[in-house]
Amino acid sequence: MSTSTVSATSAAPKKGGGRRKVTLPWILLMIAGGLALISLVRVISGADDLTSVGQVSGALQLAVPIGLAGLGGLWAERAGVVNIGLEGMMILGTWFGAWAGYQWGPWTGVLMGIVGGALGGLLHAIITVTFNVNHIVSGVAVNILAVGFTQYLSNFTFDKAPGGSSKQSPRIDPITEITIPGLSDWLATLQGKHWFLISDLAGVLGGLVTDLSLLTVVAVLLVPATWWVLWRTSFGLRLRSCGENPVAAESLGVNVYKYKYIAVVVSGAMAGLGGAFLAIVSTGIYQEGQTGGRGYIGLAAMIFGNWMPGGMALGSGLFGFTYSLRLRGGAENVHAMLLLLAILLVIVLVWQLYKKKYVQGAIAAACAAGLFLWYALTDAVPSQFVDAAPYVTTLLVLALSAQRLRMPKADGLPYRKGQGK
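So, a few notes on the structure that sits alongside this text. (Residues numbered from 1 in each chain as written. Predicted model: local features only at pLDDT ≥ 70, side-chain atom pairs only at ≥ 80, totals over all residues. Heavy atoms only, no water.)

A few points about the overall build of the protein
Then comes step 1: Across its full length, the protein holds 17 helices and 2 strands.
Then comes step 2: At 23 Å, the protein has a C-alpha radius of gyration in line with the 22 Å of a compact globule built from 421 residues.
Then comes step 3: Expressed as a percentage of the 421 residues in the protein, the buried residues total 46%.
Then comes step 4: Considering only contacts within the protein whose residues lie at least 6 apart along the sequence, 79% involve residues at least 24 apart.
Then comes step 5: For the protein, the accessible surface area stands at approximately 20800 Å², while carbon and sulfur atoms represent 69% of it.
Then comes step 6: Side chains of the protein give 28 positive and 17 negative charges; the mean places of these two sets differ by 19 Å. (Helix = DSSP H or I, 4+ residues; strand = E, 2+ residues; numbered from the N terminus. Rg over C-alpha atoms; globule rule 2.2 N^0.38 Å. Buried < 20%, exposed > 50% of the residue type's maximum accessible area, 1.4 Å probe, protein only. Contact = heavy atoms within 4.5 Å. Areas by Shrake-Rupley, 256 points an atom, 1.4 Å probe, with all protein chains shown as cover. Lys, Arg positive; Asp, Glu negative; His and termini not counted. Charge placed at Lys NZ, Arg CZ, Asp CG, Glu CD.)

A short note on the environment of Ala388
Then comes step 1: Mapped onto the fold, Ala388 is located in helix 17 (residues 383-401).
Then comes step 2: Through-space distance from the C-alpha of Ala388 to that of Thr322 is 10.0 Å; in sequence the pair is 66 residues apart.

Looking at unusual backbone geometry
Then comes step 1: Even without being glycine, Leu197 reaches a positive phi, approximately 65 degrees.
Then comes step 2: Note on Leu197: relative accessible area 32%, which makes it partly exposed.
Then comes step 3: One non-glycine residue, Lys356, lies in the positive phi region at around 65 degrees.
Then comes step 4: With respect to the element layout, Lys356 can be found in the loop between helix 15 (330-354) and helix 16 (358-377).
Then comes step 5: Judged by its relative accessible area of 63%, Lys356 is exposed.

Here we look at the packing of aromatic side chains
Then comes step 1: Following the criterion strictly, the structure yields 10 aromatic pairs and no others.
Then comes step 2: Taking 5.2 Å as the distance between ring centres and 80 degrees as the angle between the ring planes, the aromatic pair formed by Trp95 and Phe96 counts as edge-to-face. Residue Trp95 shares its accessibility class with Phe96, and that shared class is buried.
Then comes step 3: Between the aromatic rings of Tyr102 and Phe158, the centroid separation amounts to 6.0 Å while the plane-to-plane angle is 65 degrees, which identifies the pairing as edge-to-face. (Phe/Tyr/Trp six-rings, centres within 6.5 Å; stacked < 30°, edge-to-face > 60°.)

Notes on a nonpolar patch on the surface
Then comes step 1: A cluster of nonpolar side chains, contributed by Trp107, Ile178, Ile180, Leu183, Trp186, Leu214, Val217, Val218 and Leu221, occupies part of the molecular surface with about 760 Å² of accessible area.
Then comes step 2: Elements with a minimum of two residues in the nonpolar patch: helix 7 (183-191) and helix 9 (214-232).
Then comes step 3: Among the elements that make up the nonpolar patch, the one with the highest residue count is helix 9 (4 residues).
Then comes step 4: When you line up the elements, Ile180 lands in the loop between strand 1 (177-178) and helix 7. (Patch = residues over 30% accessible without salt bridge, like charges linked within 9 Å, V, L, I, M, F, W, Y side chains within 5 Å. Salt bridge = Lys/Arg side-chain N within 4 Å of Asp/Glu carboxyl O.)

Notes on the side chain of Thr226
Then comes step 1: If you trace the backbone, Thr226 turns up in helix 9.
Then comes step 2: Under the relative-accessibility criterion, Thr226 is labelled buried at 1%.
Then comes step 3: A distance of 3.3 Å separates polar atoms of two side chains, one belonging to Thr226 and the other to Trp75.
Then comes step 4: Residues contacting Thr226, with those up to four places away along its chain left out, are Leu71, Leu74, Trp75, Trp231, Met270 and Pro309. (Polar contact = N/O pair within 3.5 Å; in protein donor to acceptor, adjacent residues only side chain to side chain.)

Quick notes on helix 5 (residues 106-130)
Then comes step 1: Taking 1.5 Å as the rise per residue, helix 5 with 25 residues should run 36 Å; its terminal C-alpha atoms sit 35 Å apart, in good agreement.
Then comes step 2: After helix 5 finishes, the residue Asn132 shows a positive phi value of roughly 60 degrees. (Expected span 1.5 Å × (residues − 1).)

Observations regarding the packing of helix 5 against helix 6 (residues 135-156)
When two helices pack together, their arrangement is given by the angle between the helix axes and the distance between those axes.
Then comes step 1: Viewed as axis vectors pointing N to C, helix 5 and helix 6 meet at an angle of 145 degrees, and their least axial separation amounts to 10 Å. Handedness of the crossing formed by helix 5 with helix 6: right-handed. Along the contact surface, helix 5 presents Gly120, Leu123, His124, Ile127 and Thr128, while helix 6 presents His135, Ser138, Gly139, Val142 and Leu145.
Then comes step 2: In terms of residue class, the contact of helix 5 with helix 6 is built from 4 nonpolar, 6 polar and no charged. (Axes fitted to C-alpha atoms, helices over the stretch in contact; angles between N-to-C directions. Left-handed = near helix turned anticlockwise from the far one by under 90°. Nonpolar A, V, L, I, M, F, W, Y, C, P; charged D, E, K, R; others polar.)

Quick notes on the pattern of salt bridges
Then comes step 1: Overall, the coordinates contain 5 salt bridges when judged by the stated rule.
Then comes step 2: Ionic pairing is found between Asp200 and Arg42, a salt bridge with its closest N-O pair at 2.7 Å. Separated by 158 residues along the polypeptide, Asp200 in helix 8 (residues 198-208) and Arg42 in helix 2 (residues 24-45) bring together distant segments of the chain. With respect to class, Asp200 is no different from Arg42; both count as buried.
Then comes step 3: Its salt-bridge partner being Arg406, residue Glu244 comes within 2.9 Å of it at the nearest N-O pair. Of this pair, Glu244 sits in helix 10 (residues 234-244) while Arg406 sits in the segment after helix 17, and the two are 162 residues apart along the sequence.
Then comes step 4: Judged by relative accessible area, Glu244 falls into the partly exposed class, the value being 25%.
Then comes step 5: Connected through salt bridges with shared partners, the residues Arg42, Asp48 and Asp200 form a single ionic network.

A look at the environment of Thr94
Then comes step 1: You can see Thr94 is positioned in helix 4 (residues 86-104).
Then comes step 2: Residue class for Thr94 comes out buried when judged on its relative accessible area of 1%.
Then comes step 3: Each C-alpha atom of the pair Thr94 and Thr150 lies 9.3 Å from the other, and the pair is 56 residues apart in sequence.
Then comes step 4: Other than its neighbours up to four places away in sequence, Thr94 contacts Gly275, Ala276, Leu278, Ala279, Tyr286, Gln290 and Thr291.
Then comes step 5: Here the side chain of Thr94 touches Ile91 through a polar contact of 2.5 Å, landing on its backbone oxygen.

With respect to helix 4
Then comes step 1: A rise of 1.5 Å per residue sets the reference length of helix 4, with its 19 residues, at 27 Å; its end C-alpha atoms lie 26 Å apart and thus fit the reference within 8%.
Then comes step 2: For helix 4, the buried fraction is high: 15 of the 19 residues fall into the buried class.
Then comes step 3: Remark: Gly105 follows helix 4 within two positions and exhibits a positive phi of approximately 105 degrees.

Structural notes on the packing of helix 4 against helix 13 (residues 294-304)
Then comes step 1: At a minimum axis distance of 7 Å, the contact between helix 4 and helix 13 shows a crossing angle of 130 degrees. The pairing of helix 4 with helix 13 is recorded here as oblique in orientation. When you trace helix 4 past helix 13, the crossing you get is right-handed. Together, Leu86, Glu87 and Met90 of helix 4 and Arg294, Gly295, Tyr296 and Leu299 of helix 13 make up the contact between the two elements. (Parallel < 35°, antiparallel > 145°, perpendicular 65-115°, else oblique.)

All quantities given are derived from atomic positions and should not be read as evidence of function.
Written out as structure tokens, the structure is:
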């Protein structure tokens, strides 16, 4: 047998050796199981706001900017460029979106927010792709520059505008919101019955058809659109090849620099759209520092989702849900989440024992016991913990999912044109 035959045989995928693909029925089953678990916690704790229409609607609105930042990170890193500068690109999106929005209308603001973020992405691409500077250093520099640049611009734009100041823009007209008459009211009434699972399902569906901004619809549609472009088109295949093996891609005639530039500029545009959403939809004004680290949390959501759009959307939804809990009846809702975490850890315990991983099982058992005890001995959690809940969730999710992650192989690695020759 020749060496090439041996190499081909060893490189071929082994039957049963790969990770099982999660199909749509399994995903729906997991969603149904999660909803049933949350419903059980709601019934036991009495925290009826956990799955209310307002909670779900608020969670969706809070998840969108995080999800858009996560999509931006996904585009860049699939092409092999680490984008720590998502926070700065979001900041540029908030400023440009508000600056154009209060003068020429919200949709013009949305477009200018995209342009602002794309300019930040272009700067990051020039520094990392053309000049081959370390991606982390460049991203941090973009974040610092964005803060200083927007503060400087605000001093002679918003400060001189009626109703504005150096730290805040004038109010921006709202984007049209959608509410389905009849269905929205019926679902709200059904959710108010507080029936097990049925009311929770009604609350989730009601949050999706009540006061839904058109920009939210656009943002949600960008998730499947990204999946289709990157995984179902030849353009997406070439772009992803730049993040896996740029030398091999170049040998096949792919212009690696071009695809990296496109990916990072689109990345910035997505983050800028997230910033514009914050300024125009979430608050209706630009405020200094209003991104609040959402660019970094979006990056965490992308990592949690294993550099895939669906997983990233799930992570963004989790962080948005936690943010919404903090804003709506924070102490009571977060206290109920202690019980949810304890039950989830019991499930983890059973799974680890099934896999015969006794050390991990013992850790899960100890943590579950501690959370059950905390829940039983208290009626609420300290306000400081409520404020920190979204960030604690970020750290826990990354810690628990870290062992199953697979980043693009050439992500963050330096590349020079022609280096494979």
